[in-house]
Amino acid sequence: MTKFFIIILASVTGLPLGGFFAFAQAASSLPISHFIFIIQENHSFDNYFGAYPGANGIPPGTRLAAHPGGPLTEAPFLLKGHNVPHDLGHSFLSAAVAYDKGAMDGFVWAAYPAGSAYYGKAIPVPTPNPQLVRIVPNTSPTPASAPSSASNVRKSAAPETQERLSPNGFADDEDAEYPGTGANDPDPGIAPVVASPTGSPTPPPWAKYTMSYVNGGTIPNYWKYAQKFTLLDNFFSALRGPSAPNHLYAVAAQSGGMVDNEAMQPYPTGWTAIYSFPSIIELLGQAGVTWKYYSAYYPTEEGIWNPLPGFSSYAGSEGYNISPNLGSTTDFFNDISNKTLPQVVWISPSIQNSEHPPENIVTGMWYVTGLVNAVMRSPYWDSTAIVIYWDDYGGFYDHVLPVNVDEYGFGFRVPAIVISPYARANVIVHRQYDTTSLLKLVETAFRLGYLTQRDASSGNMLDCFNFFQSPLSPLIMTK
């Protein structure tokens, strides 16, 4: 039977190489034998594909209020530039305020910290289960080979979030004010958000960018992938909140009750987390499935986009040394060239390539295109499938009400694209999936069993493939 590979753009996979697992690879029960997940950052489905023909996009006539009970003045608008000027609130509290008990109308109020704090003051925020998650000081030394870009991130990171600071030096999700106009504003001509009632906070001008969206003129490569392969318009983040917990769901189908980025910062004087619950590491190791998690910065240092080092103690107690399975983005290209690409792979980006506001989304798009091109040019393409997805909504508006499967999620919709010779060509799949569906796909292929009720009950994404069609050719794009 012909073998196929699935590459999912988001977080990079890992590969336990202990004992005999280094010498034999488990066979997949599907025509797909490799899965690669590439995770990008912080965009809702409506923000990237709300104008995509045939998709469940932004409804005509959409208007939101700038504050509860206010006039419906805030309409979706096409972003003129390649980035928004400021990060938008997307903490657990911000997401709860945006959700507004299912009304899905609080996105402008939630876009800035003072707004989410004021309008969400009665909303309880869960805390991590202390038996499953411990936040501890990180005293490990910074690697001597630290790249300059990583050093810049370290200098500008906020200990509370490990998020990049805004251009004015304020921590993402912590800023009370930021002008967001003039040279830093891609759309300075758009009217600012109207003032709130007396006594409540006034939204900063950049809060309006929650209503922004882009189209195929701005992110042409993503739209071309969607046109040739498979677009999912009912794919949800696992948790209604930011990066760290959603990355945990991508490898463990839970976050141990952690709903925010907590105090994690993978550098000296910062904080990190220790996770005491199973992850996909154990299931892959038990089955002899090879894996690897590729990160742009310090692969063995835990961060909000690289959670697996936080599982090292638990995995070690189960007999798995994960260090050989943690690599850099450069290692991904080398593994393709050397024909040593593992069966399950996650790839997480650098700040500059992440598409996380206020980064240039076109820069991130071409970084992802480079990863896809590398696979398409290799012998792996004939047996590969690629899925690109974004970890959370990033504070951007989305109109689809997420199902409440438990107290943590689903989160809001995020874009997801399946790329493969056997992806359904030019099809929009409307079936409901979420972040844990990526795990379910791998679990189905290798008969692994399940980690939690979340992945056990999620869809396995097989609706995205047609293994009887004539294989689709590569779509290599260059600047």
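Residues numbered from 1 in each chain as written. Predicted model: local features only at pLDDT ≥ 70, side-chain atom pairs only at ≥ 80, totals over all residues. Heavy atoms only, no water.

Some remarks on helix α6 (residues 220-228)
No. 1: Residues of α6 that are buried include every one of N221, Y222, W223, Y225 and A226, and no others.
No. 2: The inward-facing, buried residues of α6 abut β2 (32-40), α1 (45-49), β8 (230-232), α11 (361-376), β14 (385-390) and β15 (416-419). (Buried < 20%, exposed > 50% of the residue type's maximum accessible area, 1.4 Å probe, protein only. Helix = DSSP H or I, 4+ residues; strand = E, 2+ residues; numbered from the N terminus. Contact = heavy atoms within 4.5 Å.)

Side note on the confidence of the model for the protein chain
No. 1: For the protein chain, per-residue confidence averages 85 on the pLDDT scale, and 84% of positions sit at 70 or higher.
No. 2: Confidence over residues 144-183 falls short of pLDDT 50; this stretch has 95 contacts with residues more than four positions distant or in other chains. (pLDDT = per-residue confidence, 0-100.)

Some details on the layout of surface pockets
No. 1: Considering only enclosed or pocket space, the largest pocket measures out at about 380 Å³ in volume.
No. 2: Taken together, 19 residues line the largest pocket, and the ones lying closest to its centre are A96, V97, Y99, K101 and I123.
No. 3: Per element, the largest residue contribution to the lining of the largest pocket is five residues, and it comes from helix α2 (residues 92-99). (1 Å grid on protein atoms, 1.4 Å probe; cavity = no way out; pocket = protein on both sides within 12 Å on 5 of 7 lines; lining within 4 Å. Points joined across faces, edges and corners; volume = space filled by probe spheres on them.)

Section: unusual backbone geometry
No. 1: In this structure, P358 follows P357 across a cis peptide bond, with omega equal to 10°.
No. 2: Locating P358 in the fold gives a position in the loop between β13 (344-347) and α11.
No. 3: Its identity as a non-glycine residue notwithstanding, D100 has a phi of 50°, on the positive side.
No. 4: Along the polypeptide, D100 turns up in the loop between α2 and α3 (107-110).
No. 5: Unlike most non-glycine residues, M461 shows phi in positive territory, near 70°.
No. 6: Looking at the element boundaries, M461 is found in the segment after α13 (453-457).
No. 7: We classify M461 as buried; its relative accessible area is 0%.

Structural notes on the side chain of K292
No. 1: In this fold, K292 is placed in strand β11 (residues 291-295).
No. 2: A polar atom in the side chain of K292 sits 3.2 Å from the side chain of D335. (Polar contact = N/O pair within 3.5 Å; in protein donor to acceptor, adjacent residues only side chain to side chain.)

Some thoughts on the packing of aromatic side chains
No. 1: Taken as a whole and assessed by the stated rule, the structure comprises 28 aromatic pairs.
No. 2: Ring geometry for W291 versus W346: centroids 6.5 Å apart, planes at 75°, classification edge-to-face. Residue W291 is located in strand β11, and its partner W346 is located in strand β13; the two are separated by 55 residues in the primary sequence. You'll find W291 and W346 in the same group, each marked buried. (Phe/Tyr/Trp six-rings, centres within 6.5 Å; stacked < 30°, edge-to-face > 60°.)

Some thoughts on the packing of α6 against α11
How two helices pack is summed up by the angle between their axes together with the distance between the axes.
No. 1: Interhelical geometry of α6 versus α11 gives an angle of 45° and a closest axis separation of 9 Å. Compared by their axis directions, α6 and α11 come out oblique. For the pair formed by α6 and α11, the contact residues are P220, N221, Y222 and Y225 on the first element and G364, M365, W366, V368, T369 and V372 on the second.
No. 2: Looking at the contact of α6 with α11, its residues break down into seven nonpolar, three polar and no charged. (Axes fitted to C-alpha atoms, helices over the stretch in contact; angles between N-to-C directions. Parallel < 35°, antiparallel > 145°, perpendicular 65-115°, else oblique. Nonpolar A, V, L, I, M, F, W, Y, C, P; charged D, E, K, R; others polar.)

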